[in-house]
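Spelled out from the first residue to the last, the chains are:
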Amino acid sequence: MQHRGRTRTPPHRGLVPLAAGAGGLLAVLIGLVFLMLVLAIGDAQHSLLSARSGRPALTQVGVVQGTLFDMEGGQRSYVITHQDAFLEPWQAARAAYPAQAQRLVDVSTSPVQRQLARQIQRSGQSFVDDYSVPLVAEARRGDPDASSTARTLEGKQRLDALRAQFSRYLQTERAAINQRENALEARMRMLTISASVGVGAAVLLIIAYGAYVTRVIVWPVRRMAGFATRLAAGDLAARVPPSGRREIGQLEAAFNTMAGSLEKSHRRLRLLYDAGTAVGNTLDVGRTADELVRVAVPRFADFVTVDLEESVLHGGEPTAAETVLRRVARGGVRDDSPLDPTGALIAVDPPPDGTRHTDAAAALIADLRVTRRARFPDARHTEQLLDYGMRSLITAPVSAQGVLMGVIVFWRTRDSPPFEKDDLSDAEELAAKAATAIDNARRYTRERETALALQRSLLPHGLPDCPSVDFAYRYLPTGTRAGVGGDWLDVIPLSGTRVALVVGDVVGHGIQASATMGRLRTAVRTLADVDLPPDELLTHLDDLVLHLDDGAGEQAGEVGSTCLYAVYDPVSRHCSLASAGHPLPFVITPQGSVEQAPGQAGPPLGLGGLPFETTDLDLAEGSVLALFSNGLVHSRSLDMGHGLDRLRRALTTAGDGEPLEAACDRVVAALRTGEPADDVTLLLARTRALPCDQVAAWEVPADPEQVAGARTLATGQLAAWKLDELSFTTELVVSELVTNAVRYGGDPIQLRLIRDTRMLICEVSDGSSTAPHLRRARVFDEGGRGLLLVARLTQRWGTRQTSAGKTIWCEQELPLPDASTHAPGSVDWCRE
């Protein structure tokens, strides 16, 4: 079998051997140059020494010649004068000559010169031994031959012969010295030329080596440094052109590989960072899934689908046993994919044990054409997906709380490289981030639904119809992640056809705020039943907040809450209100002018010890009171003063007969353009005035005999109103209440009958502030049955404190829908 493999290209020589070889060759050549220089310098030095060696010989030959002449002069002077003084130089020269002659032989620079030096040595010694010493001896003896002409001539001949020898020696030595100096000069010229050539060659070699190193190493390294600087500065697209070889080429390839790896890692980290910052910002399951799709397409996948359990979408706990998932999000580079659309039900295979666990990792299908039978969402569309161009996919579980909530599928088409194993970690990371965000959104949805359900249960399901006012309201819970707030509103019917309008705002959001709102609303309703003035009611409510806690000794969220309480009386068209830190309402006159109610808002609830101020208003019939919460006029982007101005402008047309429902919609739409960041509460109440013919009042003297007259007045008024069916009961009630007022109260005593559309109200006022108490009388008790009769005969009864005393009232349902006559003698209290 023929094996097919890739032929390996023999590796190029590395830079280290080349640099080492070039450096070694350069070192050898420079060494040779310097060796030649050293040899030439040594030869020149030898020639110089050789040239210099003749100088001592010339000097020494002069010393030897001078020694012989000194000897000859000393002997001649002694022979002539016979004075011993002349013998001392002769004797010194005679003693020094042998050594001087031998030194001449030693310093001679050539064999010829040494031979001439030996001849001079022998001739001179012969002159001393054979001529000079005998001559001095003869002169000492007085021999006349010592001064004879023959002896003198002999001495002259011997000296001439020595002079000739000295001359020949000098000539020969000078010629040798000249020859050596000429040779030294020639060698020095040659040495200079050789040195110049060697230094020039060394410089050229160094330049060539430097150019080689610069071209092969320095320039590529400098280019690499430039690209490395760009890479370090954040240019991840920096790549080195592959122009080098050997180690430089390997360095370029390694740099490009590293840069590519860094770019890939940066893309991955950027993808995960964007997923961390962009996914989970809305705390909405559907939007969170859409955010994941927008992050992953097209940077990681061409198409992405997110399928979740139905219970997760509504804040429920995942069961991980569902066989049908809901497609929550789908997105891709094109919109015509055969993937099931958003909202579709996706069938999935049930797990073998009935439960999907979180240990299931992401699964990769690298080539869908090969693995067609794999199980994944949209598997029934495999052929359509292949025809469309889908090639690879990754299925990643969406898990939380140890149970799967759904699955995310990442798709790539044939236009993109298929998924690899390295992409599994990215898919799992994206799925983990999405799972955390989806689980948070699920929990928030559950908590919000719980808080909304609690709030709906605590808020009035339907506000009662009141004959005193027409009203409309809007309540919009916040949609932010902070949760539902604690705003509330209420319309509470009071005695005497009066009505209480309440708006409150609890600090905080969530279930705690809703529970707090329920507490305060219940407390306000309870205190309203006591029929307290607005300032006293808020004082009691503030006291109540101070004594509330969360069961652990810590103050609850009621502290810092606000409340506005207003009471409107349709008989007198008088409105009294007090505020505990809440914005004062706007008053819209029938003519359309809008002004905020005068007065000061008191401190918020829970501070304690600070008074609340009551503001009194006289309202024309058809005026509109606009009560609202801070969420309508204040937000992070809307200043409180600016918001109040906007609300004033929006309310301008609410007094022109516009239906209150339409006015509520228009005002809320004008002030809230987006999802509210806080609960929005708006209550519009248009006042009515009770017609004067529906109210009758009489002053009753504090005399028991006047009780019968009071009964007569009451029955007469009922006859005028055509309410004869209520005469018997009303007569008993008036008798009991007036009798109690005469017996236990004080002046002034007043009887008032009010007829509205549903009730007949009987009120008896007196000057005593002592409130009556309902009790059950024993068998033999003579009294104590009056209030019991009133309570049994009427729909409801009660008492309220007034500035002059108290008022006891009771209500009876009208049998007829209408009666319009006005009894004579009644007092018109509508205008007081």
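Up top is the structure these notes are about.
## Remarks on the overall build of the chain
So, step 1. Along its length, the chain carries 17 helices and 21 strands.
So, step 2. Counting all 832 residues of the chain, 44% fall into the buried class.
So, step 3. For the chain, the share of sequence-separated contacts (at least 6 apart) that also reach a separation of at least 24 residues comes to 69%.
So, step 4. Carbon and sulfur atoms make up 55% of the accessible area of the chain, which totals about 41700 Å².

## Remarks on unusual backbone geometry
So, step 1. Cis peptide bonds are those with omega within 30 degrees of zero, and the linkage from V297 to P298 qualifies with 0°.
So, step 2. Mapped onto the elements, P298 comes out in the loop between α6 (285-296) and β1 (303-308).
So, step 3. Of note in the backbone geometry, D378 takes a positive phi value of approximately 70° without being a glycine.
So, step 4. Mapped onto the secondary structure, D378 falls in the loop between β4 (363-365) and α8 (382-388).

## Quick word on the sheet that holds strand β12 (residues 586-588)
So, step 1. The 5 strands lie next to each other as β7-β16-β15-β12-β13, forming an open sheet whose pairing is antiparallel. Either end of the sheet is taken by a strand with one partner, and the two such strands are β7 (469-476) and β13 (594-596). Averaged over all pairs of adjacent strands, the angle between strand axes in this sheet comes to 20°, irrespective of strand direction.
So, step 2. Sheet topology note: the β12/strand β15 (residues 624-628) ladder contains 3 bridges and is antiparallel. Across the sheet, F586 pairs through a bridge with A626, a residue of β15.
So, step 3. The strands touched by helix α14 (residues 660-671) within the sheet are β7, β15 and β16 (680-687), with β7 carrying the most contacts at an inclination of about 30°.

## Here's the deal with the sheet that holds strand β20 (residues 796-801)
So, step 1. Ordered in space as β17-β18-β19-β21-β20, the 5 strands form an open sheet in which the pairing is antiparallel. For this open sheet the edge positions go to β17 (695-700) and β20, each flanked by a neighbour on one side alone. Strand-to-strand twist of the sheet, defined as the mean angle between neighbouring strand axes without regard to direction, takes the value 15°.
So, step 2. Here 6 bridges tie β17 to strand β18 (residues 749-755), and the two strands are oriented antiparallel to one another. Within the sheet, the bridge partner assigned to A696 lies in β18 and is L753.

## Digging into the environment of I80
So, step 1. By the element assignment, I80 lies in helix α1 (residues 15-81).
So, step 2. The exposed category is assigned to I80, whose relative accessible area is 64%.
So, step 3. On a C-alpha basis, the gap between I80 and S147 in space is 7.3 Å, while along the polypeptide they are 67 residues apart.

## Description of the pattern of salt bridges
So, step 1. Applying the stated criterion across every chain yields a total of 28 salt bridges.
So, step 2. Between D665 and R474 there is a salt bridge, with the nearest N and O atoms lying 2.8 Å from each other. Within this pair, whereas D665 is found in helix α14, its partner R474 is found in strand β7, the two being separated by 191 residues in sequence.
So, step 3. Its relative accessible area of 41% is what places D665 among the partly exposed residues.
So, step 4. Assessed through its relative accessible area of 19%, R474 is described here as buried.
So, step 5. R648 is the partner of D645 in a salt bridge, and the nearest nitrogen-oxygen pair spans 3.0 Å. In this pair, D645 and R648 both sit in helix α13 (residues 640-650), 3 residues apart, roughly one turn of the helix.
So, step 6. On the basis of relative accessibility, which here comes to 26%, the residue R648 falls in the partly exposed class.
So, step 7. Through salt bridges with shared partners, one network takes in E138, R151, E154 and R158.

## A few points about the pairing of strand β9 (residues 499-505)
So, step 1. Buried residues dominate β9, accounting for 7 of its 7 residues.
So, step 2. Side chains of β9 alternate between two faces, with V499, L501, V503 and D505 and A500, V502 and G504 buried alike.
So, step 3. Inspection of the sheet shows strand β8 (residues 488-493) paired to β9 by 6 bridges, in the antiparallel sense. Each bridged residue has a counterpart across the sheet, and for V491 the counterpart in β9 is L501.
So, step 4. Here β8 folds back onto β9, and the loop between the two strands holds 5 residues, one of which, G496, carries a positive phi near 70°.
So, step 5. Direction of pairing for β9 relative to strand β10 (residues 562-569): antiparallel, over a ladder of 7 bridges.

## Topic: the pairing of β16
So, step 1. The element β16 is extensively covered by neighbouring structure, given that 8 of its 8 residues are classed as buried.
So, step 2. Taking every second residue as pointing to the same face, both faces of β16 are buried, with V680, L682, L684 and R686 on one and T681, L683, A685 and T687 on the other.
So, step 3. Where β7 and β16 come together, 8 bridges link them in antiparallel fashion. Residue pairing in the sheet places R474 in a bridge with L682 of β16.

## A closer look at the packing of helix α2 (residues 87-107) against helix α3 (residues 111-141)
Helix-helix packing is described using two parameters, namely the angle between the two axes and the distance between the axes.
So, step 1. Where α2 meets α3, the closest approach of the two axes is 9 Å, and the angle between their N-to-C directions is 165°. Regarding the angle of α2 to α3, the classification is roughly antiparallel. Crossing of α2 against α3: the hand is left-handed. Residues L87, W90, Q91, R94, Y97, P98, A101, Q102, L104 and V105 of α2 form the contact with α3, whose participating residues are R114, A117, R118, I120, Q121, G124, Q125, V128, S132, V133, V136 and R140.
So, step 2. Here the contact of α2 with α3 is built from residues that sort into 12 nonpolar, 6 polar and 4 charged.

## Some details on the side chain of T615
So, step 1. Examined against the element boundaries, T615 turns out to sit in strand β14 (residues 614-618).
So, step 2. Taking relative accessible area as the criterion, T615 reaches 7% and is therefore assigned buried.
So, step 3. Of note is the side chain of T615, whose polar atom sits 3.3 Å from the backbone oxygen of P598.
So, step 4. Setting aside chain neighbours within four positions, we find T615 in contact with C575, S576, L577, P598 and G599.

## Describing the packing of aromatic side chains
So, step 1. If you walk through the whole model with that rule in mind, you get 6 aromatic pairs.
So, step 2. Seen in terms of ring centroids, F303 and Y388 are 5.9 Å apart; in terms of plane orientation they differ by 65°. Their pairing is edge-to-face. Taken as a pair, F303 in strand β1 and Y388 in helix α8 lie far apart in primary sequence, 85 residues in all. In this structure, F303 and Y388 share a single accessibility class: buried.
So, step 3. Note on F376 and W411: the rings are 5.7 Å apart at their centroids and 75° apart in plane angle, and the pair reads as edge-to-face. Here W411 lies in strand β6 (residues 403-413) and F376 lies in the loop between β4 and α8, a separation of 35 residues in the sequence.
So, step 4. Judged by its relative accessible area of 7%, F376 falls in the buried class.
So, step 5. Residue classification places W411 among the buried residues on the basis of a relative accessible area of 0%.
So, step 6. Connected via pairs of aromatic rings, a cluster forms that spans F300, F410 and F419.

What counts, and where the lines are drawn
- Residues numbered from 1 in each chain as written.
- Predicted model: local features only at pLDDT ≥ 70, side-chain atom pairs only at ≥ 80, totals over all residues.
- Heavy atoms only, no water.
- Helix = DSSP H or I, 4+ residues; strand = E, 2+ residues; numbered from the N terminus.
- Buried < 20%, exposed > 50% of the residue type's maximum accessible area, 1.4 Å probe, protein only.
- Contact = heavy atoms within 4.5 Å.
- Areas by Shrake-Rupley, 256 points an atom, 1.4 Å probe, with all protein chains shown as cover.
- Pairing = 2+ DSSP bridges.
- Axes fitted to C-alpha atoms, helices over the stretch in contact; angles between N-to-C directions.
- Salt bridge = Lys/Arg side-chain N within 4 Å of Asp/Glu carboxyl O.
- Parallel < 35°, antiparallel > 145°, perpendicular 65-115°, else oblique.
- Left-handed = near helix turned anticlockwise from the far one by under 90°.
- Nonpolar A, V, L, I, M, F, W, Y, C, P; charged D, E, K, R; others polar.
- Polar contact = N/O pair within 3.5 Å; in protein donor to acceptor, adjacent residues only side chain to side chain.
- Phe/Tyr/Trp six-rings, centres within 6.5 Å; stacked < 30°, edge-to-face > 60°.

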